[in-house]
Amino acid sequence: MKHVFPGIGMTSARTRGRMVERLRQQGIRSEEVLAVMANTPRHIFIDEALSHRAYDDVSLPIGQGQTISQPYIVARMVELAIGSANRERVLEVGTGCGYQTVVLAQLFKTVYSVERIAQLLDKARMRLRDLRISNTRLRHGDGFIGVAEAAPFDAIIMAAAPTYVPEALLSQLAIGGRMVFPIGNVDQELRIIERTADAFIETKLEKVRFVPMLPGLA
Ligand code: SAH
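Our subject in this report is the structure included herewith.

Quick notes on the rules
Residues numbered from 1 in each chain as written. Predicted model: local features only at pLDDT ≥ 70, side-chain atom pairs only at ≥ 80, totals over all residues. Heavy atoms only, no water. Near = heavy atom within 4 Å. Polar contact = N/O pair within 3.5 Å; in protein donor to acceptor, adjacent residues only side chain to side chain. Areas by Shrake-Rupley, 256 points an atom, 1.4 Å probe, with all protein chains shown as cover. Helix = DSSP H or I, 4+ residues; strand = E, 2+ residues; numbered from the N terminus. Nonpolar A, V, L, I, M, F, W, Y, C, P; charged D, E, K, R; others polar. Pairing = 2+ DSSP bridges. Axes fitted to C-alpha atoms, helices over the stretch in contact; angles between N-to-C directions. Core = buried A, V, L, I, M, F, W, Y, C linked by side-chain atoms within 4.5 Å. Buried < 20%, exposed > 50% of the residue type's maximum accessible area, 1.4 Å probe, protein only. Contact = heavy atoms within 4.5 Å. Phe/Tyr/Trp six-rings, centres within 6.5 Å; stacked < 30°, edge-to-face > 60°. Lys NZ or Arg CZ within 6 Å of the ring centre and 35° of its normal.

**What about the site of the ligand?**
- Around the ligand sit 25 residues in total, of which Cys97, Glu115, Asp142, Gly143 and Leu214 are the nearest.
- One of the backbone nitrogen or oxygen atoms of Arg116 is found 3.3 Å away from a nitrogen atom of the ligand.
- Asp142 places a side-chain nitrogen or oxygen 3.0 Å from a nitrogen atom of the ligand.
- Compared with its free state, where it exposes 580 Å², the ligand has 99% of that area covered by protein.
- Only strand E2 (66-68) and strand E4 (110-115) provide two or more residues apiece to the shell around the ligand.
- Counting residues per element, the shell around the ligand draws most heavily on E2, which supplies three residues.
- The residue makeup of the shell around the ligand, split by class, is 13 nonpolar, eight polar and four charged.

**Description of the sheet that holds strand E3 (residues 89-93)**
- Taken in spatial order, the seven strands of this open sheet run E5-E4-E3-E6-E7-E8-E9, and their pairing is mixed. For this open sheet the edge positions go to strand E5 (136-140) and strand E9 (200-208), each flanked by a neighbour on one side alone. Pairwise comparison of adjacent strand axes, ignoring direction, gives a mean angle of 15° for this sheet.
- Both E3 and E4 contribute to a ladder of five bridges, which runs parallel.

**Topic: the nonpolar core**
- Core analysis: the largest hydrophobic core is formed by 51 residues, its most contacted members being Leu23, Met37, Val78, Tyr99 and Leu107.
- Counting only elements with at least two residues in this core, the list comes to helix H1 (13-25), helix H2 (31-39), strand E1 (60-63), helix H3 (71-81), helix H4 (99-105), helix H5 (118-130), strand E6 (153-158) and strand E8 (188-195).
- With residues near it in sequence (within four places) discarded, Leu107 still touches Glu32, Val33, Val36, Val78, Ile82 and Arg87.

**A word on the packing of aromatic side chains**
- Going through the model one piece at a time under the given rule, you end up with three aromatic pairs.
- Judged by centre distance (5.7 Å) and plane angle (65°), the ring pair of Tyr112 and Phe153 falls under edge-to-face. Highlighted residues: Tyr112 in strand E4 and Phe153 in strand E6, separated in sequence by 41 residues. With respect to class, Tyr112 is no different from Phe153; both count as buried.
- For the pair Phe144 and Tyr164, a centre-to-centre distance of 5.6 Å together with 25° between the ring planes defines the contact as stacked. With Phe144 in the loop between E5 and E6 and Tyr164 in the loop between E6 and helix H6 (167-171), the pair connects residues that are 20 residues apart, well separated along the chain.
- Against the face of Tyr99 rests Arg42, its NZ or CZ located 4.8 Å from the ring centre.

See below:
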């Protein structure tokens, strides 16, 4: 189900095509993820002064000391997340500007996303409304706590790095579900935890660099 974004001209389509070619070369294999990223206007999520760099493979400031993740890491994490058994509900921790939220909205039935910084959340909400995205539930909340009343989640994807695995999130993961997250302080790595009927299986992946996951609201 390809989402048609309102008012997005063809001007940036070619730039997105180049971004997708680069993602392919960097090792992203999921045609589904590549198609969604080719379709999603990333420049809408970045302040005008920097929007000419929206499709470069860099993270960029989005205000409040936070950053939008580089296209490669979004593609990589989403590709891992859609390896879960089902695609009913996904929980995103760290809405930020809302870009990854919109990518997920095209791959899962419902996206729950929590952000601890109210100002970022308000801006993300406006963008999602402008883009006519209607299968997302955004909330001002703390990712360490998760969203118990909407659990279990088929996938949980964290855009900020904790130093330990949040217990609450493990308990909100569905059987057959996958949690994809960075962990660590200065030296961070990407990990997946898969929940089976009777165990949590953890796999360590490559080194990464994310903003820290912080407790409480701001
Ligand atoms: N996916 C986002 C990435 C934003 S950076 C994007 O594409 O823009 C990570 C975000 O996680 C920041 O906005 C930060 O405020 C948020 N964050 C950090 N700790 C959090 C927590 N405990 N709960 C919810 N959000 C958190």
